[in-house]
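Coordinates in review
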Amino acid sequence: MVRPLIPVLAAAGAALALAACGDGSAPAPAAADPPPATTAEAAALSSLRPPLRRLEDDRGEAHASGCHLKTSGRTRSPGARCVFGAKDSPVTVVNIGDSHALMYAPAMIALARQHGWRLVNLTRAGCTIADVDQNDRCNPWRRDALRRLVRERPDLVVVSNGMLGDRYRVRLSDGRRLSRRASQGRLEAGLARSLRRMRATGAAVVVIRDMAKAPAYDTGACLRRHRDAVDRCAFRATRPERLAFDARAAERVDGVTLADPLPVLCPDGRCPMVAGDVIVYRNGYHLSATYAETLAPWIASHLPPALVGG
């Protein structure tokens, strides 16, 4: 098993085609930022990927396979059907977190197939992986997911969590719920505990920091309204640092790498809604699966070189 984490710098260059992250045996390509959107590049709405009529459903293979728990009473992530890539590989990678971890699953699955990993997906909607009392739906899932992660003895763990919204409020022992802002310190400490538990397995751990949120949830509505100038749907990157429990927890734990997607998603502080002919945002707080897969080289640039052919 590969154990040491050797952080690497993201390389810059021309945008890569999605095929570069397929099942082929070619060596890992250099990391590249996805192309920014421009009015000149903006294709007719009918040629955008994914099609606007299917935008909200563009969630990727892990979601289609039933690997993402949502509002059901289940507390355990599915087993064998939610293992992707080379299922008999000696290298195991775990993708864990809430819907933002699911959001990056298309890129993680592409990397698993390219590099011969065994990828385990452990995600649940609205549930932080931070070791806190969140609610009766998330707490048992988190305990089970972390136990399974330890049993897997992974070489690499990739963690992603949203940070905005009332769902991340912490519950006290008397049942009272703190405000999101008052929960910040407990979320930071709780995530640090979870990250240390992951590191104790010997795995390399990468935290993908949360992204900026669009001002409107229905991103497709803006694209339809500005069909001849989709760059008008771009928005200013805003991400409240005071709520960034993911980044602060990662910085507290030795050996954890923090990968920040904001420079890629929002170059120069502006977040385009379309990159080339690909719609970036499935909704105001999630990437489309089609776009997320193009981030595979960027994610690879933050992983141990031994796992990505470096």
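Scroll up a little and you will see the structure.
Below: a short report on this structure. All of these numbers come straight from a predicted model, not from anything done at the bench. (Residues numbered from 1 in each chain as written. Predicted model: local features only at pLDDT ≥ 70, side-chain atom pairs only at ≥ 80, totals over all residues. Heavy atoms only, no water.)

1. Let's talk about the state of the cysteines
Tallied over the entire structure, the rule returns four disulfides. Linked covalently through their sulfurs, Cys-67 and Cys-82 form a disulfide whose S-S length is 2.1 Å. Note on the Cys-67 and Cys-82 pair: the S-S dihedral is about -95°, so by sign convention the disulfide is left-handed. Pair noted here: Cys-67 is in the loop between α1 (61–64) and β1 (68–69) and Cys-82 is in the loop between β1 and β2 (83–85), with a separation of 15 residues, a long-range link. Here Cys-67 matches Cys-82 in class, with each residue buried. Disulfide pairing places Cys-222 opposite Cys-233 at an S-S distance of 2.2 Å. Taking the sign of the S-S torsion, -105° for the link of Cys-222 and Cys-233, the bridge is left-handed. Residue Cys-222 is found in helix α5 (residues 219–225), and its partner Cys-233 is found in the loop between α5 and β7 (235–236); the two are separated by 11 residues along the sequence. In this structure Cys-222 comes out as buried when scored by relative accessible area, which is 14%. You can call Cys-233 buried: its relative accessible area is 5%. Ordinal numbering of bonded cysteines along the protein defines a disulfide pattern of 1-2, 3-4, 5-6, 7-8. (Disulfide = S-S within 2.5 Å. Helix = DSSP H or I, 4+ residues; strand = E, 2+ residues; numbered from the N terminus. Buried < 20%, exposed > 50% of the residue type's maximum accessible area, 1.4 Å probe, protein only.)

2. Notes on the packing of aromatic side chains
In total, this model carries one aromatic pair according to the counting rule given. With 5.3 Å between their ring centres and 65° between their planes, Phe-235 and Tyr-281 make a pair best called edge-to-face. Here Phe-235 is found in strand β7, whereas its partner Tyr-281 is found in strand β12 (residues 281–283), with 46 residues between them in sequence. For Phe-235, a relative accessible area of 6% puts it in the buried group. Tyr-281 sits in the buried class, given a relative accessible area of 0%. One residue, Lys-213, lies across the ring of Tyr-285, its end atom 5.2 Å from the ring centre. (Phe/Tyr/Trp six-rings, centres within 6.5 Å; stacked < 30°, edge-to-face > 60°. Lys NZ or Arg CZ within 6 Å of the ring centre and 35° of its normal.)

3. What to know about the pattern of salt bridges
The tally for this structure, following the rule as stated, stands at 15 salt bridges. In this structure, Glu-152 and Arg-118 form a salt bridge, with 2.7 Å as the shortest nitrogen-oxygen distance. Linking Glu-152 in helix α3 (residues 138–152) with Arg-118 in strand β4 (residues 118–124), this pair joins segments that are 34 residues apart in sequence. Both residues of the pair, Glu-152 and Arg-118, count as buried. Residues participating in the shared-partner salt-bridge network are Arg-209, Arg-239, Glu-241 and Asp-260. (Salt bridge = Lys/Arg side-chain N within 4 Å of Asp/Glu carboxyl O.)

4. Comments concerning a positive patch on the surface
Taken together, the side chains of Arg-143, Arg-147, Arg-151 and Arg-197 present a region of like positive charge at the surface. By residue number, the principal contributor to the positive patch is α3, which donates three residues. Mapping Arg-147 onto the fold places it in helix α3. (Patch = residues over 30% accessible without salt bridge, like charges linked within 9 Å, V, L, I, M, F, W, Y side chains within 5 Å. Areas by Shrake-Rupley, 256 points an atom, 1.4 Å probe, with all protein chains shown as cover. Lys, Arg positive; Asp, Glu negative; His and termini not counted. Charge placed at Lys NZ, Arg CZ, Asp CG, Glu CD.)

5. So, the pairing of strand β5 (residues 156–160)
Of all five residues in β5, five are buried; the element is thus mostly enclosed. What you see with β5 is no split at all: Leu-156, Val-158 and Ser-160 on one side and Val-157 and Val-159 on the other are buried throughout. Note: strand β3 (residues 92–97) against β5, five bridges, orientation parallel. Following the sheet pairing, Val-94 is matched in β5 by Val-157. Taken together, β5, helix α4 (residues 184–200) and strand β6 (residues 204–208) constitute a β-α-β crossover, and its handedness is right-handed. (Pairing = 2+ DSSP bridges. Right-handed = clockwise from strand over helix to strand, strands pointing away.)

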